[in-house]
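Observations on the three-dimensional arrangement
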Amino acid sequence: MVKQTIQIFARVKPTVRKQQQGIYSIDEDEKLTPSLEIILPRDLADGFVNNKRESYKFKFQKIFDQGANQEIIFESIAKPVAESVLAGYNGTIFAYGQTGSGKTFTITGGAERYSDRGIIPRTLSYIFEQLQKDSSTIHTTHISYLEIYNECGYDLLDPRHEASSLEDLPKVTILEDPDQNIHLKNLSLHQAATEEEALNLLFLGDTNRMIAETPMNQASTRSHCIFTIHLSSKEPGSATVRHAKLHLVDLAGSERVAKTGVGGQLLTEAKYINLSLHYLEQVIIALSEKHRAHIPYRNSMMTSVLRDSLGGNCMTTMIATLSLEKRNIDESISTCRFAQRVALIKNEAVLNEEIDPGLMIIRLQKEIQELKDELAVVTGEQRTEALTDAELLQLEKLVTSFLEDQDPESRLDVGTDMRKIHHCFHHLKKLLNDKKIHGKSTVSSEIKDQDCQEPLKEEEYQKLRDILQQRDNEINILVNMLKKEKKKTQDALHLSSMDRSEWRHSQSSPFPPGNSEGLRTLPSSATTQVRDVSTVGHRSSLLHKKTGMREEMSLGRQEAFEIFKRDHADSVTIEDNKQILKQRFSEAKALGESINETRSKIGHLKEEITQRHMQQVALGLSENTALPSMPDSLEEKLRSQLEEEKRRYKIMFMRLKALKVEIEHLQLLMDKAKVKLQKEFEAWWTEEATNLQVNSPATNSLNHVRPFPQMPESPQERSQLVSNRSNVNTRKILPSPHPIPQSWGHNSTSPSLENSISERPASSVPLTGDSQTDSDILAFIKARQSILQKKCFQ
Ligand code: ADP
Ligand code: MG
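Residues numbered from 1 in each chain as written. Chains lettered and ligands numbered in written order. Predicted model: local features only at pLDDT ≥ 70, side-chain atom pairs only at ≥ 80, totals over all residues. Heavy atoms only, no water.

1. Some words on the packing of aromatic side chains
Just so we agree on the cut-off: Note on ring pairs: Phe, Tyr and Trp rings are taken, using the six-membered ring of Trp, and paired if centres are within 6.5 Å. Classes follow the plane angle, with under 30 degrees stacked, over 60 edge-to-face and the rest tilted. Helix numbering and strand numbering both begin at the N terminus, where a helix is a DSSP run of H or I of at least 4 residues and a strand a DSSP run of E of at least 2. Summary of the burial criterion: residues with accessible area below 20% of their type's maximum are buried, those above 50% are exposed, and those between are partly exposed, where the area comes from a 1.4 Å probe applied to protein chains only.
Summed over the entire model, instances satisfying the criterion amount to 10 aromatic pairs. Pairing phenylalanine 561 with phenylalanine 681 gives two aromatic rings, centres 4.9 Å apart and planes at 75°, and the pair type is edge-to-face. Separated by 120 residues along the polypeptide, phenylalanine 561 in helix α17 (residues 555–567) and phenylalanine 681 in helix α19 (residues 633–695) bring together distant segments of the chain. Each member of the pair, phenylalanine 561 as well as phenylalanine 681, carries the same accessibility label: buried. Between phenylalanine 564 and phenylalanine 681, the ring centres sit 5.4 Å apart and the planes meet at 65°, which makes this aromatic pair edge-to-face. Highlighted residues: phenylalanine 564 in helix α17 and phenylalanine 681 in helix α19, separated in sequence by 117 residues. Phenylalanine 564 sits in the buried class, given a relative accessible area of 14%.

2. What to know about the nonpolar core
Counted only if it meets this: Here, nonpolar core means buried Ala, Val, Leu, Ile, Met, Phe, Trp, Tyr and Cys residues that are tied together by side-chain atoms lying within 4.5 Å of each other.
In terms of nonpolar packing, the biggest core is built from 60 residues, with Ile93, Leu124, Ile143, Phe227, Ile229 and Leu248 touching the most fellow members. The dominant element in this core, judged by the number of residues it contributes, is α19, at 12 residues. Among the nonpolar cores identified, the runner-up in size contains 46 residues, and Ile226, Ala286, Met301 and Ala339 belong to it.

3. A look at the pairing of strand β7 (residues 91–96)
Along a regular strand, successive side chains alternate from one face of the sheet to the other. Worth spelling out the cut-off: When DSSP locates at least two bridges between a pair of strands, those strands are taken to pair.
In terms of burial, β7 is largely enclosed, as 6 of its 6 residues are buried. Neither face of β7 is left uncovered, since the one carrying Gly91, Ile93 and Ala95 and the one carrying Thr92, Phe94 and Tyr96 both have all their residues buried. Pairing of β7 with strand β15 (residues 315–322), which is carried by 6 bridges, proceeds in the parallel orientation. Of the residues in β15, the one forming a bridge with glycine 91 is methionine 315.

4. With respect to the sheet that holds strand β5 (residues 55–59)
To be explicit about the condition: Inter-axis angles, ranging from 0 to 180 degrees, are taken between N-to-C directions of lines fitted to C-alpha atoms, where helices are fitted over the stretch in contact. Here, residues are in contact when the closest pair of their heavy atoms is within 4.5 Å.
Pairing is antiparallel in the open sheet, where 3 strands are placed in the order β3-β4-β5. The open sheet has two edge strands, β3 (24–27) and β5, and neither has a second partner. Each strand of the sheet is rotated relative to its neighbour by a mean of 20°, with strand direction disregarded. Two elements, β3 and strand β4 (residues 35–39), share 4 bridges in a ladder whose sense is antiparallel. Note that in β4 the partner of tyrosine 24 across the bridge is isoleucine 38. Across the sheet, helix α11 (residues 329–342) is in contact with β4 and β5; its angle to β5 comes to roughly 35°.

Shown next as C-alpha cells:
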C-alpha cells in the first residue's frame, strides 16, 4: 500500500507579450515546496471589491515556467505515475485550467511538431518500452477513449463514429454492480499490442472528436476527455492477475459562465461544464475531509467514471495549467485555489490483484480430489465408480516411470484406492504380455526386413520416385492455376478501381499521387487486400474510414479544394511536416543501409576471429607446443573492432527505432491536419453552395441544382462531364496577377480576374445544357470567385 496526497503541479503557458511578465513570480528557493506568487496589477486589485489583497501565494509540488518543454513535463509528472501503473497501481493525471491555458497541449500534445507530443504519446511509448523489457510476465494492454459532453458519455473509438454527429451515437452509461464497482456500458475497449497500435487509437479518437465538432459546438473545449490505458499482467503459471488503469484526463475549460457572458446552447454547455467541475470540486472537498462517510460521486458522470481514480485507491496527479496574462488573472487564481484543495486529499493506493478463475478452478479440482482420497483412507470406504480416462492415463504413466526408474528402492505410490491398485496390476500384466509377444516378433521382422531390402532399393525406389514426380507436377499445375486466379482478381480490382477513379486521379487530386490517400478511392472490397500489403494503408485506413474523404469529389470541388488548401494557414504546417517526413525517411533509409553494413562487418569480424583462433590452435598442434599464454595482438585488435562495430550497431538501431516512432507520429499528425482541412473545406463549401442557391438568379433557371455537386454515376454521364470539364480546364483561371486567358470571352485588358468574374453573371457563362454539370461549373466559378474575394480582403 502506498500512501500519499494528490500531487499538484503548475504549468505556465508561454505568453505572447513580454510585458505580462511582472504578473507572477516563482519562488523555488524554499526548502520544502516551491510556490507561485500571483501579483494583482493595481488596476485589477481595485476592481476586486471584496478582496484587496495584492498578491496570492500558492504552493505546488513543482512549478513549470514558460520555458518548460514537453519532455520535462513527462519526465517529472507522468513518468512516476506510469511507473506505479506498471507496478500494478491505478493512476490518474488530469489537467485543469481555463480554455486556452494548455490542457490539451499538455495531455495530448501540439498538432504541429513531433517534439510537442504530450503526455499520452510519451506515456504510451514509455509503457510499451518497459513491457517489452519485461519478458517474465504476460501483459495485455487495452485502450478506451471517453468523451463527456453535456453530462453524456460518448465512445470516441466507437466504429459507428462515421455517423459523425455525437448525438447520433449510443451514449455511454454507468452501471454499478452490488460491490459498487463502476462499469461503463457502450464504451469499447481496444487491445493494443504495440505502441503504434495505441497511438493509432489516440489519433483515431482525436479525429473522431474533431469530426463530431461543428462550429456551433466547439466540443473540444467544453467536453472532458478521458484516455485510459488498461494494463493487466500475470506471471506464467500463476493464478493471480494484476490490473491497473491509467486515466489521462483533459478536462473542459474551467472558466466561469459569468465571465464568458454567453447564452442559449453555449449557456447550457457552460452550465454542464461548470456543474461537473463543481461536482468534481465537491468530491475533492469530501475526499479531503477526514471522516466523511459519503462522497458525492454519483452527482455527475465524470466523478462517477473517475470514482476509483480520484481519491482512495489511486496515485493521482493534477496539472494546473495557467495562462498568466492580465485578463486571465482571476481565472488563474481560481485554478490555483482548486489545486490547493486537491492537494489536501490523501490517497492509499493498493495493488489490484485478482485470481484468474480458470487457473483457480484447476487448483480447486486438484484439492477436492486430494481431499476425497484422504476421506476414503480415513473411512476405509472403497469407491466403486469407474476411474476416469485421465486418471487411468495418469496411473499408466506412473507405472511406466516406475518401471523405468533404475533405483531398486523406488516405489509405486498410488494411495489406498483399490481401484487404482487393481488398475496398476492390470497394466503391469499387459505390459509384460506385450513384451513377450514383441520379443518374438522382433526377430521375425528383422529377418523379413533383410529379405525385403534388395527389392525395395530397385523397384520400390523407382515407384516412389515416380509418385514424387507425379505429385510435383500436380503441385506445379495447382500453383499455376492459383496464379492465374490471383491475376484475374487483381485485374478485376484494378479495372473497377480505374473505372471509379481513373479520370479523377488523372486530374489534380486533393492529395499528391502515391500518397496513401489513394487507397481511399478503392472500392471497399479492395481496401482489405490493400491493407494487407501496406501497413501505412492500415494505419491510415483507421483514420480515413472516418474522414469521409472517400466521398466522391466533383472536379470543381477538387479545384476549389486545391485553392482552399493552398491558402489555408495549416498548409504551411503540413508542408513543413512533409519536408521533415521526407528527411526522416531518407535518414531512416541511410541508417538502414549503415545498419546492414555494420551487421555484415560484425559477421566478417566474427569469422576472422574464429579463423584466427583456429590458425593459432593448428599452429600450436603442429609445433606441439602449448598455446601461447601471451594474448594474440591481432585477435585483440579484431575483438576491439568487433566491440566498436557492435556499439555502433546498437546506437544506430536505437536511432532507427526512435525514427520509426517519429515518422509514425508525424504521419498521424499530418493525417489529422488533413482531416481538419477537409472538414473546414466541407463547411465552407456547404456555406458557399447555400449562398449560391440563395443568391444566384441563374440557379432559378436550372431545374434541379444540387447544393453539393456530385459525380454522376453512369459512365456516359461521366465521360460527358469529363469532356465538359476539359472545356472548363482550358479556360483555367489563374489567380491574379496572372493574365486572364482569352477564352473567357472577355477583353484581355480586364484589370483583374476578380472583376472579370464578377462582371460576368453566372448565367452568362456558356453552359452545357446538362443541369448537373452546369451546377457543378457554377458552383466552381462561384467558389473561385469567393476565394479570390477573400484573398483581396486579406
Ligand atoms: P486548452 O486545451 O487548455 O484549451 P490548448 O492546449 O488547446 O488549451 O492550448 C491553446 C493554444 O496554446 C494551443 O495553440 C497550444 O498549442 C498553445 N499552447 C498551450 N500550451 C503551450 C505551451 N506550453 N507551449 C507552447 N504552446 C502552447
Ligand atoms: Mg483543450
